[in-house]
Amino acid sequence: MFDIKLKSGKSFKCDESSTILDAAKNSGVLLEHSCMTARCRSCLVRVLKGDVDDVLEDNVLTNDEKKNGWVLTCNTKPKSDLILNVEDLGGYNIVEPRTLPCKINNIDKVSDDIIKLVVRLAPNANFKFLEGQYVNLIKGSINRSYSIANANGESNQLEFIIKNYDNGVMSDYWFNQAKKDDLIRLFGPLGTFFLRDKDYRKVIFLATGTGIAPVIAILEQLGKSKSLKEKILVFWGGRFENQLFLDSLPVVGDDFYKVVSRPNNEWTGKTGYVQDVLADLLNDLTNCGVYACGSNDMIKSAKKLLTEIGLKEEDFYSDAFVSSN
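Here the structure is a predicted model, which means the values were calculated and not measured.

Peer 1: Sorry, what's going on with helix α6 (residues 296-308) here?
Peer 2: Each turn of an α-helix holds 3.6 residues, which means side chains three or four residues apart point in the same direction. In this model, α6 (13 residues) spans 18 Å end to end at C-alpha, consistent with the 18 Å of a helix rising 1.5 Å per residue. Along its buried surface, α6 packs onto β3 (44-49), β5 (70-72), β14 (202-208), α5 (274-281), β18 (288-294) and β19 (316-320). Phi turns positive, to about 120 degrees, at G310, one or two residues after α6.

So, in structure tokens, the structure goes:
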């Protein structure tokens, strides 16, 4: 057995055949995670001391990241005692996931390839989650992960923003077969993408595509607060203007920037990539927290750029949307 110590001094045991993430969970320690299959970067941590092995070949991290001690805890086993530069999230009252039946309440088309799905749970389901988390939606033997796009409420309804993917089996169901009152199941809540209890000067959200879904949920919850100490900014990017179907967001006001990477002649807003627009707009990221959700490429690029210009690594939080393949 090896001793795994966190930066707070908290520690847990891990044998040589278990991943760091599994051993932490079995010891009542909650580390950041999302996909659990070494395809996203949510469980990325730096090993400050000790040696590790990968379970599967790692195609997510760069060679530089590996040389600098970064690992994916869902895909890493210890070869010695370890010290990790990571926090325990056990104090955030994260609910254990469970499977529940639900029915489709309505499906609305919001763009050519995006729908808004609303499902309803039984009145006694008492489903609670932290805004920013996701669930697996299950139809028969197929299941896919979708972030919840609304805050906890009394209606027992959950909202999702879903993109149509070519040749996607679940996409075929959502866009060609699904109808009101269809019975499906959900498993959740899942993931650790949620607001941290830290006194930041600014809270900044970066989102691409349907990565705006958990941001909406978080902002709705912030809108229920009596006062906001932080300044909130949102940068939402897509290739084309019609993919950015929202004109406003809760609590943000004019600090909502839509960014198009392939603008047409009529586009008058921001162009390029969300992380570049943020870097151009703000030259001081001291005491800021950045929450990034969307494509893996954006998250990797954003973390590299923003930490180079002053953001602390531990103040960057992410949830990558990865393909089911």
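Back to the write-up after that little detour.
Peer 1: Just checking my understanding: could you explain the pattern of salt bridges for this structure?
Peer 2: Side chains that differ in charge, positive against negative, can pair when their charged atoms come close. With the rule as written, the count across this model stands at 14 salt bridges. K231 serves as the salt-bridge partner of D255, at 2.9 Å between the closest nitrogen and oxygen. Of this pair, D255 sits in the loop between β15 (231-238) and β16 (256-260) while K231 sits in strand β15, placing them 24 residues apart in sequence. Linking K258 and D247 is a salt bridge whose minimum nitrogen-to-oxygen distance equals 3.2 Å. Here K258, found in strand β16, pairs with D247, found in the loop between β15 and β16; they are eleven residues apart in sequence, far enough to count as distant. Bridged by salt links that share partners, the residues E32, E87 and R196 form one connected network.

Peer 1: In this structure, what is going on with the pairing of strand β1 (residues 2-6)? I would like to understand it.
Peer 2: Regular strands place side chains that alternate from one sheet face to the opposite one. Of the two faces of β1, the one holding F2, I4 and L6 is buried and the one holding D3 and K5 is not buried anywhere. Here β1 pairs with strand β2 (residues 11-14) via four bridges, running antiparallel. Looking at the pairing, K5 lines up with S11 of β2. Where β1 hands over to β2, the hairpin turn is made up of four residues, of which G9 adopts a positive phi near 100 degrees. The sheet contact formed by β1 and strand β7 (residues 82-84) spans three bridges and is parallel. Along β7, the bridge assignment pairs I4 with L82.

Peer 1: What's the story with the packing of aromatic side chains in this structure? I'm lost.
Peer 2: To describe a pair of aromatic rings, one takes the distance between the centres and the angle between the planes. One pass over the structure, following the stated rule, counts ten aromatic pairs. Both rings, one in W236 and one in F245, keep their centres 5.4 Å apart while their planes meet at 90 degrees; by these two values the pair is edge-to-face. Given the relative accessible area of 22%, F245 is considered partly exposed. Among the aromatic side chains, those forming a connected cluster through ring pairs are F193, F205, Y291 and Y317.

Peer 1: Explain the pairing of strand β8 (residues 98-111) to me, please; I cannot follow it from the model alone.
Peer 2: Two elements, β8 and strand β13 (residues 183-190), share six bridges in a ladder whose sense is antiparallel. Bridge assignment links P101 to a residue of β13, and that residue is R185. What sits between the antiparallel neighbours β8 and strand β9 (residues 114-121) is a turn of two residues.

Peer 1: Can you walk me through the domain arrangement of the chain in this structure?
Peer 2: One widely used convention gives an interface's size as the accessible area the parts lose upon coming together. The domains assigned to the chain are domain 1 (2-85), domain 2 (98-190) and domain 3 (202-320). The C-alpha centroid of domain 2 is placed 31 Å from the C-alpha centroid of domain 1.

Peer 1: What's the story with the sheet that holds strand β10 (residues 134-139) in this structure? I'm lost.
Peer 2: Sheets are built from strands that pair by backbone hydrogen bonding, the pairs being arranged parallel or antiparallel. One open sheet accounts for six strands, arranged β11-β10-β13-β8-β9-β12; its pairing is antiparallel. Two strands in the sheet have a free side with no partner beyond their single neighbour: β11 (142-147) and β12 (157-163). Averaged over all pairs of adjacent strands, the angle between strand axes in this sheet comes to 35 degrees, irrespective of strand direction. Strand direction decides the pairing type here: β9 and β12, joined by seven bridges, are antiparallel. Bridged to L117 within β12 is F160.

Conventions we followed
- Residues numbered from 1 in each chain as written.
- Predicted model: local features only at pLDDT ≥ 70, side-chain atom pairs only at ≥ 80, totals over all residues.
- Heavy atoms only, no water.
- Helix = DSSP H or I, 4+ residues; strand = E, 2+ residues; numbered from the N terminus.
- Expected span 1.5 Å × (residues − 1).
- Contact = heavy atoms within 4.5 Å.
- Salt bridge = Lys/Arg side-chain N within 4 Å of Asp/Glu carboxyl O.
- Buried < 20%, exposed > 50% of the residue type's maximum accessible area, 1.4 Å probe, protein only.
- Pairing = 2+ DSSP bridges.
- Phe/Tyr/Trp six-rings, centres within 6.5 Å; stacked < 30°, edge-to-face > 60°.
- Domains from an automatic or database assignment.
- Axes fitted to C-alpha atoms, helices over the stretch in contact; angles between N-to-C directions.

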